[in-house]
Amino acid sequence: MCAQKAAIIRNGGRSVAQPEYLRIAAELRRRISSGEFGAGDQLPTLPALSSHYRVSETTIRNSLALLRNEGLIETRARAGTRVRQTPPVHRMAADRYRNKPGAPSTPYTRDQGIGWSEYRLDKKFERVEATPGLAALFECEVGERLLARHFVFHDNEHPTQMSTSYVRWGDVEGTPVSDPINEPWPGGTRAQLGSLGIRVTRITESFTSGMPTEHEAEVLRIGLGVPVLRYTRRHIADNGRIVEVAHPIVRRGDTTVVDFVIDLED
């Protein structure tokens, strides 16, 4: 038998050994979901949990590591281990790319339901050449010059979305669109392209889901056990030319709902 204690559970009439750290993690998870430990509450110390559950501190560390990986708790130096704030569910509306009158906004701020003053955008621009994958998305030649715009979107200082958006360098060279100082741009990418005389008439999106990379988890401040939603977006001009590709856009998947509207004709 391994050094760690194991609990015996019943499974279809058979006795199955469950590692003790899993049992304790399940118990702590239940106490968090029930509200016994609320958002921002500090969990008991390692010695206290070790004494309460009558296991070693190593076992407790393994339990907490599992919950941290799931994004339920966070540990900070001199602040102990606390229950993380559960982010609200955000719906990505089917009409979020439509132009709307009123205060400055983008599809992102409308998705989040936040005002312009609550919105912050980290950005980094660089010139790149189209890889075979990007060339296929743009339907262009491999090696075509592109402007890559790396974004991290913040809702009241909380990073909730990251993306890399590519536009054709020949379309934006020497224009305000190529200067990161002009970001965020009211109206988003469609408005930017419109300022260049490019009329976007179609937007396509394709979605996948999976577990985050270490980089995605770090940027979005989520656990490696929290799934993410990745999608590729393309802005297409009225002449059928693909003028922007965002690949990928990444959001945490457990709190994002994507709405679609499909109108059917009889």
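Residues numbered from 1 in each chain as written. Predicted model: local features only at pLDDT ≥ 70, side-chain atom pairs only at ≥ 80, totals over all residues. Heavy atoms only, no water.

Draft legend 1. Region of interest: the sheet that holds strand 7 (residues 145-155). An order of 6-7-8-11-10-9 is seen for the six strands of this open sheet, with the pairing classed as antiparallel. Both outer strands of the open sheet, strand 6 (119-129) and strand 9 (200-210), are each paired with one neighbouring strand and no more. Across the sheet, the axes of successive neighbouring strands diverge by a mean angle of 15°, strand direction being ignored. When strand 6 meets strand 7, the two strands line up antiparallel, connected through 11 bridges. Paired with glutamate 126 across the two strands is alanine 148, which belongs to strand 7. Sitting on the sheet, helix 7 (residues 188-195) touches strand 7, strand 9, strand 10 (228-237) and strand 11 (242-252), and the angle it makes with strand 10 is about 20°. (Pairing = 2+ DSSP bridges. Helix = DSSP H or I, 4+ residues; strand = E, 2+ residues; numbered from the N terminus. Axes fitted to C-alpha atoms, helices over the stretch in contact; angles between N-to-C directions. Contact = heavy atoms within 4.5 Å.)

Draft legend 2. Examining a nonpolar patch on the surface more closely. A contiguous nonpolar surface patch, about 420 Å² in accessible area, is contributed by Phe260, Ile262 and Leu264. Residue class for leucine 264 comes out exposed when judged on its relative accessible area of 73%. (Patch = residues over 30% accessible without salt bridge, like charges linked within 9 Å, V, L, I, M, F, W, Y side chains within 5 Å. Areas by Shrake-Rupley, 256 points an atom, 1.4 Å probe, with all protein chains shown as cover. Salt bridge = Lys/Arg side-chain N within 4 Å of Asp/Glu carboxyl O. Buried < 20%, exposed > 50% of the residue type's maximum accessible area, 1.4 Å probe, protein only.)

Draft legend 3. Here's a closer look at helix 1 (residues 20-33). For helix 1, built from 14 residues, the straight-helix expectation of 20 Å at 1.5 Å per residue is met to within 8% by its first-to-last C-alpha distance of 20 Å. Residues of helix 1 that are buried: Glu20, Ile24, Ala25, Leu28, Arg31 and Ile32. Considered in projection along helix 1, the buried side chains sweep an arc of 130° and stay on one side of the axis. Of the residues trailing helix 1, glycine 35 is marked for its positive phi of about 95°. (Expected span 1.5 Å × (residues − 1). Arc of directions from axis to C-beta.)

Draft legend 4. Expanded view of the nonpolar core. Leu28, Tyr53, Ile60 and Leu64 are the most contacted members of the largest nonpolar core, which has 14 residues in total. Mapped onto this core, the elements with two or more residues apiece are helix 1, helix 2 (46-53) and helix 3 (57-69). At four residues, helix 1 tops the list of elements feeding residues into this core. With residues up to four places along the chain from it excluded, the contact list for leucine 64 reads Leu28, Leu43, Leu46, Leu49 and Ile73. Judged by nonpolar contacts, the second largest core, of 13 residues, contains Tyr119, Phe125, Phe151 and Trp169. (Core = buried A, V, L, I, M, F, W, Y, C linked by side-chain atoms within 4.5 Å.)

Draft legend 5. Here's a closer look at the environment of arginine 68. Relative to the helices and strands, arginine 68 resides in helix 3. Excluding residues within four positions of it along the chain, arginine 68 makes contact with Ile73, Thr75, Thr81 and Gly223. In terms of polar contacts, arginine 68 uses its side chain to reach the side chain of threonine 75, at 3.0 Å. (Polar contact = N/O pair within 3.5 Å; in protein donor to acceptor, adjacent residues only side chain to side chain.)

Draft legend 6. Structural context of the pattern of salt bridges. Applying the stated criterion across every chain, the model contains 21 salt bridges. One salt bridge connects arginine 234 with glutamate 139, and the closest N-O pair in it is separated by 4.0 Å. Of this pair, arginine 234 sits in strand 10 while glutamate 139 is found in the loop between helix 5 (132-138) and strand 7, placing the two residues 95 residues apart along the sequence. A relative accessible area of 59% places glutamate 139 in the exposed class. Residues participating in the shared-partner salt-bridge network are Glu74, Arg76 and Arg84.

Draft legend 7. A look at the pairing of strand 10. Burial analysis of strand 10 places 10 of its 10 residues in the buried class, the great majority of the element. Every second residue of strand 10 is oriented toward a common face, with Val228, Arg230, Thr232, Arg234 and Ile236 on one face and Leu229, Tyr231, Arg233, His235 and Ala237 on the other, all of them buried. As paired elements, strand 9 and strand 10 share 10 bridges and run antiparallel to each other. Residue pairing for strand 10: glutamate 205 is matched across the bridge by arginine 233. Note that strand 10 and strand 11 share eight bridges and pair antiparallel. Looking across to strand 11, one finds that valine 228 is bridged to arginine 252.

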